[in-house]
Every structure is written in C-alpha cells, then in structure tokens.
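# Tertiary structure, described
Listed below, chain by chain, are the residues.
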Amino acid sequence: MNDEIRIAVLGVGKMGSFHVESLTRRTRGARVTVVSDVSDEQAHRVGDPIGARVVADPAEAIAADDVDAVVIATPGSAHEAQVLACLEAGKPVLCEKPLTTEAATAAAVYRRETELGRRLIQVGFMRRFDREYAALQQMIAGGDLGAPLMLHCAHRNPAVPEFFDSEFMIRDSVVHEADSARFLLGEEIAAVSVVRGRPTAEAPAGVSDPMLVLFEAESGALVTIEIFVRTGIAYEVRTEIVAERGSALIGLDQNVVTKRAGGTWGGTITPDFVARFGQAYDDQMQRWVDAARAGIASGGDAVDGPGSWDGYAAAAICEAGVAAVVKGERIETGMEDRS
Ligand code: ISE
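Residues numbered from 1 in each chain as written. Predicted model: local features only at pLDDT ≥ 70, side-chain atom pairs only at ≥ 80, totals over all residues. Heavy atoms only, no water.

As a reminder, the rule being used: UniProt positions are given in the numbering used here, feature names are shortened, and annotations may be inferred rather than shown by experiment.
Per an unreviewed UniProt entry, the protein carries the name Inositol 2-dehydrogenase and comes from Actinomycetospora lemnae. Looking at the protein in UniProt, the text filed under Subunit (unreviewed entry) is "Homotetramer." What UniProt states about the protein under its Sequence similarities (unreviewed entry) heading is, verbatim, "Belongs to the Gfo/Idh/MocA family."

Given below as structure tokens:
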C-alpha cells in the first residue's frame, strides 16, 4: 500500500463532490484516485482537476487495483449492491445514509459483515462528529443530568426539491434524528408515531410539511421531532434533552451576535447542512480515513463511528416512520436481536 490510501468516490453530486474536496484539501493520509457518477460530464468536472480516473461502472471502481477504500454518495437505492461489493472485495467503505432503503436488506448487510468477521462499513451519520452533539452525548452518558426523559428535536430546512413528499421527509431528513436519538439516549427506538398537521402553503398538494414525529425509546423515554423542510428561512437543527436533574440544549447558531447602529441586533443564519455540519463532515472523514488505513494495514476492523448495525437501526425506524405516516397509526420498529 502507498503511504496514502487510494479512494474511489461513487456519486459526485452535492455530497460526493464535498467529500472529494474534503479528501483532497482537508484530510491527511488519503487521495482520491477514482470517481464515478451517472453523469460522465459531472464525473470529469470533479475528477479531472485532481487527476482522478473516471470509471463509469461503480462495480469496476470498487474492484479497481488503484482503490483501497470507497466513499459511497450515490442515491440510496444503489447502496445495498455497492456496500456488499465493498465487503466482498475486503475494502473499507464510508457509506452516506441510508445504508440501504429497507430494514430487511440493511439487516442482511449487517449479517454479512458479521459473517466475514471484520467491520468494514461506516455509515455517514455525521452529526455524531459535530462538537455540540458529541458534548451532549458525553454529558448524558456521564450521568450528571440523571436519566433522560425526553428529547425535543427541531429539524428545519429552508427549501427542498418538489419530489420531497411526507415519506421522503422521514427517510431523508428524520433519519438523522433516528441516529441522533439512539446516539444520545444510548438505546434503541421501539415505536414511531406521526401527526400530520396543517401544511405550509409552500407544500405541494398532499404533502404534510411540517409534521410531528414521536419516537418511543425502549426505556420509555420520548423523542419529539418537528420536521419542517420548507421554512424559507435557514437550516436549523436543535436538540434539547430533558432529564431527571436538568436539561441541555444544542444548535442555537449563536456564534456571533452583532449589534448595529439603528437599534437592531442579530447574527448570521446557516443556509444549509453542509455549512452547519462542515466541521462534522470533515472530522468524520479524517477519522474514517485513519481507521481505514489502520484496518488495511492490520487486516482488522476499519471503522471509527456508526457502523452497519446503526445503519440497520435507522432503516428500521424510518420504515416504521413511513408506515406511521401512511397508516396514521403507532408502529413498532420490531428490530431484530443484535446477536
Ligand atoms: C439531507 O439529505 C441531509 O442529510 C440533511 O442533513 C437534512 O437536513 C436534509 O433534510 C436531508 O434532505
């Protein structure tokens, strides 16, 4: 192996090209050697300036001799086949969420990795690398606040494409709350309910935006989530824990508060998730690269962060969430036993 590990990035749209830039400019110990995208033009636009080869077929990119590890940022429907190909090739992979689009296929991926006896899959739940989330998780796990009773989450996007319907809001946006809730509470989610409220005038016909989602954790702790993806304002992600001996809040965006002549005060608002979670994405990448390098060198595990079980758990929660939206009922996640 060269000094730097050689990475293939599959899918170089918004997220994939951000990862290419992060790997090229801000990450030590890795180099992008191959890019792949359904659009040849986009692949060249991203790959040519950094001297990466463009390989149209993702399977060929995964198998290539000049690829040691893989970043997957293709649409979710392509993930299952690509992640399984990485496992069979014995190559570490950082896969953007979702791990796969159904709970059953995600469970099968987890089981295959377990059979192979080596953890190679990391799932891109980047919030775990955000300093505020990490600090909150440590505070809760440290026990000072006492037992967690409720988590209140607000997840607001300024705008989304037209195709973002109520079910997609669960799969693409609430999925982060599914992972964050498990990460912060340190337990699994047992059931999901969704209340569809009055939609904003910006929502297409039939789409419930915003919605209120309720997770019931195994301990009985509750998680409320306001999911609102067409606020027209800013990217806002806030989480408050309410515990037996106190509460704590993250995501206030209060970096710089300015006071101006004319009697007004204010600060900047975060326009999108790359701006809000830029530090988390970069730290996630550096820690994954370090873990992948170590795993390649030792032939052992190559993960430092959420893995295939976390990908499965999020898929099970989202599947229950989608059923809750469609049926208007409380749905149990019915998660498999981990062993
Ligand atoms: C997007 O895919 C993300 O991952 C963002 O974090 C989330 O806020 C957004 O709603 C999703 O569409």
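### Looking at the site of the ligand
Quick reminder of the rule: Nearness is defined per residue: one heavy atom within 4 Å of the molecule or strand is enough. For this analysis, a polar contact is any N or O atom pair within 3.5 Å, provided that within protein one partner can donate a hydrogen and the other can accept it, and provided that sequence-adjacent residues contribute only side-chain to side-chain pairs. Shrake-Rupley sampling with a 1.4 Å probe provides the accessible areas, and residues are treated as covered by the protein chains on show and by no other component. Two kinds of site are reported from a 1 Å grid over the protein atoms alone, namely cavities, where a 1.4 Å probe fits but cannot get out, and pockets, open sets with protein on both sides within 12 Å along at least five of seven lines, and residues are called lining when an atom falls within 4 Å of a point. To decide whether a molecule occupies a pocket or cavity, check its atoms: if more than half lie within 2 Å of the grid points, it is inside. Where helices and strands are cited, they refer to DSSP runs of H or I of at least four residues and of E of at least two residues respectively, numbered from the N terminus. Following the grouping adopted for this structure description, the nonpolar residues are Ala, Val, Leu, Ile, Met, Phe, Trp, Tyr, Cys and Pro, the charged ones are Asp, Glu, Lys and Arg, and the polar ones are all others, Gly among them.
All residues in the neighbourhood of the ligand are listed as K97, H155, N157, F164, D172, S173, H176, Y235 and F273. Between K97 and the ligand, the recorded distance is 2.9 Å, taken from a side-chain N or O atom to an oxygen atom. Within the side chain of H176, a nitrogen or oxygen atom sits 2.7 Å from an oxygen atom of the ligand. Against a free-state accessible area of 300 Å², the protein chains account for coverage of 91% of the ligand. Structurally, the ligand is housed in the largest pocket. For the shell around the ligand, the element with the most residues is helix α7 (residues 166–185), which contributes three residues. Class assignment of the residues belonging to the shell around the ligand gives a composition of three nonpolar, four polar and two charged.

### Focus on the packing of aromatic side chains
We count it as follows: Ring geometry is summarised as follows: Phe, Tyr and Trp rings, the Trp one being its six-membered ring, pair when their centres sit within 6.5 Å, and such pairs are stacked at plane angles under 30 degrees, edge-to-face over 60 and tilted between the two. Here's how the labels work: a residue is buried when its accessible area is under 20% of the maximum for its type, exposed when over 50%, partly exposed in between, all with a 1.4 Å probe on protein chains only. To sit over a ring, a charge needs its Lys NZ or Arg CZ within 6 Å of the ring centre and within 35 degrees of the ring normal.
Throughout the structure, instances matching the rule amount to nine aromatic pairs. Arranged with centres 6.3 Å apart and planes meeting at 45°, the rings of Y133 and F277 form a pair that is tilted. Here F277 lies in the loop between α8 (273–276) and α9 (278–298) and Y133 lies in helix α6 (residues 131–142), a separation of 144 residues in the sequence. Summarising the burial analysis for this pair, Y133 and F277 share the class buried. Relative to F277, the ring of Y235 lies with its centre 6.3 Å away and its plane at 85°, an arrangement referred to as edge-to-face. In this pair, Y235 is assigned in the loop between β10 (222–228) and β11 (236–243) and F277 in the loop between α8 and α9, connecting sequence segments 42 residues apart. The same class applies to Y235 as to F277, namely buried. Aromatic rings pair up to connect Y133, Y235, F273 and F277 into one cluster. In this arrangement the basic side chain of R26 is found over the ring face of F18, its NZ or CZ atom lying 5.4 Å from the centre. The ring of F277 has R276 lying over it, and the distance from NZ or CZ to the ring centre is 4.3 Å.

### Notes on the sheet that holds strand β5 (residues 93–95)
The test is simple: Any two strands are treated as partners once DSSP identifies two or more bridges connecting them. Contacts are assigned to residue pairs that have any heavy atoms within 4.5 Å of one another. Note on geometry: axes are C-alpha line fits, over the in-contact stretch for helices, and angles between N-to-C directions span 0 to 180 degrees.
Spatially, β3-β2-β1-β4-β5-β6 is the arrangement adopted by the six strands of the open sheet, whose pairing is parallel. Both edges of this open sheet fall to β3 (53–54) and β6 (121–123), since each of them pairs with a single strand only. Here three bridges tie strand β4 (residues 69–72) to β5, and the two strands are oriented parallel to one another. When the sheet's bridge partners are listed, V71 is paired in β5 with L94. Against the sheet, helix α4 (residues 79–89) engages β1 (5–10), β4, β5 and β6, with an angle of about 170° to β4.

### So, the domain arrangement of the protein
One frequently used descriptor of interface size is the decrease in accessible area upon assembly of the parts. Stated formally: For each domain, the first and last residues come from an automatic or database assignment. Buried area: the accessible surface (1.4 Å probe) lost by two parts on joining, summed over both. We count a salt bridge whenever a side-chain nitrogen from Lys or Arg sits within 4 Å of a carboxyl oxygen from Asp or Glu.
If you check the domain split of the protein, you get domain 1 (5–126 + 277–307) and domain 2 (128–275 + 316–332). A C-alpha centroid distance of 26 Å is found between domain 1 and domain 2. Contacts between domain 1 and domain 2 engage 21 residues on the former and 18 residues on the latter. Here domain 1 meets domain 2 over a buried area of about 1800 Å², counting both sides, of which 61% is carbon and sulfur. It is K97, F125 and F277 in domain 1 that bury the most area against domain 2; as a group they hold 36% of the surface buried on that side. Put simply, domain 1 and domain 2 have two salt bridges between them.

### Considerations on the packing of α6 against α7
Axis angle and axis distance: for two packed helices, these are the angle between their axes and the distance between the axes, and together they describe the pair. Short version of the rule: Orientation categories follow fixed angle ranges, with anything under 35 degrees roughly parallel, anything over 145 roughly antiparallel, 65 to 115 roughly perpendicular, and all other angles oblique.
It is at 8 Å that the axes of α6 and α7 come closest, and there the two elements cross at 40°. Regarding the angle of α6 to α7, the classification is oblique. Of the residues in α7, those touching α6 at Y133, L136, Q137 and I140 are S180, F183 and L184. Classifying every residue of the contact of α6 with α7 by side-chain character gives five nonpolar, two polar and no charged.

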